[in-house]
Amino acid sequence: MDVTRRSHAKLLALDLLSLSTSRGCFYRGEMLVSRVETVGVVVSRSVKPGKLLFVVDDGTGCIPCVIWLNHETSPYYAKHSLPSVRVKAQLSRDFASLAQLGVVARVRGEVKGYKGSNEITVSDVVLETDPNAQLLHWVECVQLARNCYNKLSKNGV
């Protein structure tokens, strides 16, 4: 089993935007990447019907992100229990309210492809109050790339 399938890979925009795709799956080298985490400044925000689109800039690039806000009207969620749909809808609204212009946010979610570009379908947003959060994320990404991700790619794990 791929150890990265259920964990969030910490990636810089440079890596996330350059992930390769094959049959709907995303890869960093040979390592499968399905969930990601990034930290950066929210530099763009646009509310559309049923979704919030925003962009996170981590200094290496800008990552498009989407928070779906249509849980209560989507046919996909019609088969789910109403209480759980309401909880998910409220969480999405709460996360959307946090993603304001200029804030430093930690964003986690699934990598998706849309119109030829990679984006994050957001599962959670956390505001960072530590002024060193971005720098620490950069350091962690470099260390993980050297000591973990590159080795996973070479071993084909």
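For clarity, every value in this text was computed on a predicted model and none was experimentally measured.

1. Quick look at unusual backbone geometry
At Arg23, a position not held by glycine, the phi torsion is positive, near 55°. Considering the arrangement of structural elements, one finds Arg23 in the loop between β2 (20-22) and β3 (25-28). A relative accessible area of 84% places Arg23 in the exposed class.

2. So, the pattern of salt bridges
Under the counting rule described, the total for this entry stands at nine salt bridges. Of the charged contacts, one joins Lys10 and Glu37 as a salt bridge, the two residues approaching to 3.8 Å between their closest N and O atoms. Highlighted residues: Lys10 in strand β1 (residues 8-10) and Glu37 in strand β5 (residues 35-48), separated in sequence by 27 residues. When its relative accessible area of 7% is taken as the criterion, Glu37 is described as buried. A salt bridge links Lys10 to Glu140; its shortest N-O distance comes to 2.7 Å. Remark: Glu140 occurs in helix α3 (residues 133-155) and Lys10 occurs in strand β1; sequence separation between them is 130 residues.

3. Section: the pairing of β3
Only one face of β3 is covered, namely the one carrying Phe26 and Arg28; the face carrying Cys25 and Tyr27 has none of its residues buried. Across three bridges, β2 lies against β3 in antiparallel orientation. Counted as the bridge partner of Ser22 is Cys25 from β3. As consecutive antiparallel partners, β2 and β3 are separated by two residues, and within that stretch Arg23 has a phi angle of approximately 55°, a positive value. The pairing of β3 with strand β4 (residues 31-33) spans three bridges and is classified as antiparallel. When the bridges of β4 are listed, Phe26 appears paired with Val33.

4. Examining the sheet that holds β2
Read from one edge of the open sheet, three strands run β2-β3-β4, paired in antiparallel fashion. Two strands lie at the open edges of the sheet, namely β2 and β4, each paired on one side alone. Strand-to-strand twist of the sheet, defined as the mean angle between neighbouring strand axes without regard to direction, takes the value 45°.

5. Some details on the state of the cysteines
Throughout the structure, instances matching the rule amount to zero disulfides. Free of any disulfide, Cys25 has its nearest cysteine sulfur in Cys148, 19 Å distant. Residue Cys25 is classed as partly exposed on the basis of its relative accessible area, which comes to 27%. No disulfide involves Cys148; its sulfur sits 12 Å from the nearest other cysteine sulfur, which is in Cys141.

How each quantity is defined
Residue positions within a chain follow its written sequence, with the count starting from 1. Per-residue local features of the predicted model are confined to residues with pLDDT of at least 70, and side-chain atom pairs are confined, for both listing and counting, to 80 or more; whole-chain, interface and lining totals are unaffected and use all residues. Note that water and hydrogens are dropped before the side-chain values are worked out from all heavy atoms of the structure. Secondary structure elements are defined from DSSP: runs of H or I of at least 4 residues count as helices, runs of E of at least 2 residues count as strands, and each element is numbered from the N terminus. When a residue's accessible area, from a 1.4 Å probe over protein chains only, is under 20% of the maximum for its type it is buried; when over 50% it is exposed; and in between it is partly exposed. The working definition used for a salt bridge is a side-chain nitrogen of Lys or Arg within 4 Å of a carboxyl oxygen of Asp or Glu. Note: two strands are recorded as paired if DSSP finds a minimum of 2 bridges between them. As a rule, the C-alpha atoms of each element are fitted with a line to give its axis, helices using only the stretch in contact, and angles between N-to-C directions run from 0 to 180 degrees. Cysteine sulfur atoms are paired as a disulfide whenever they fall within 2.5 Å.

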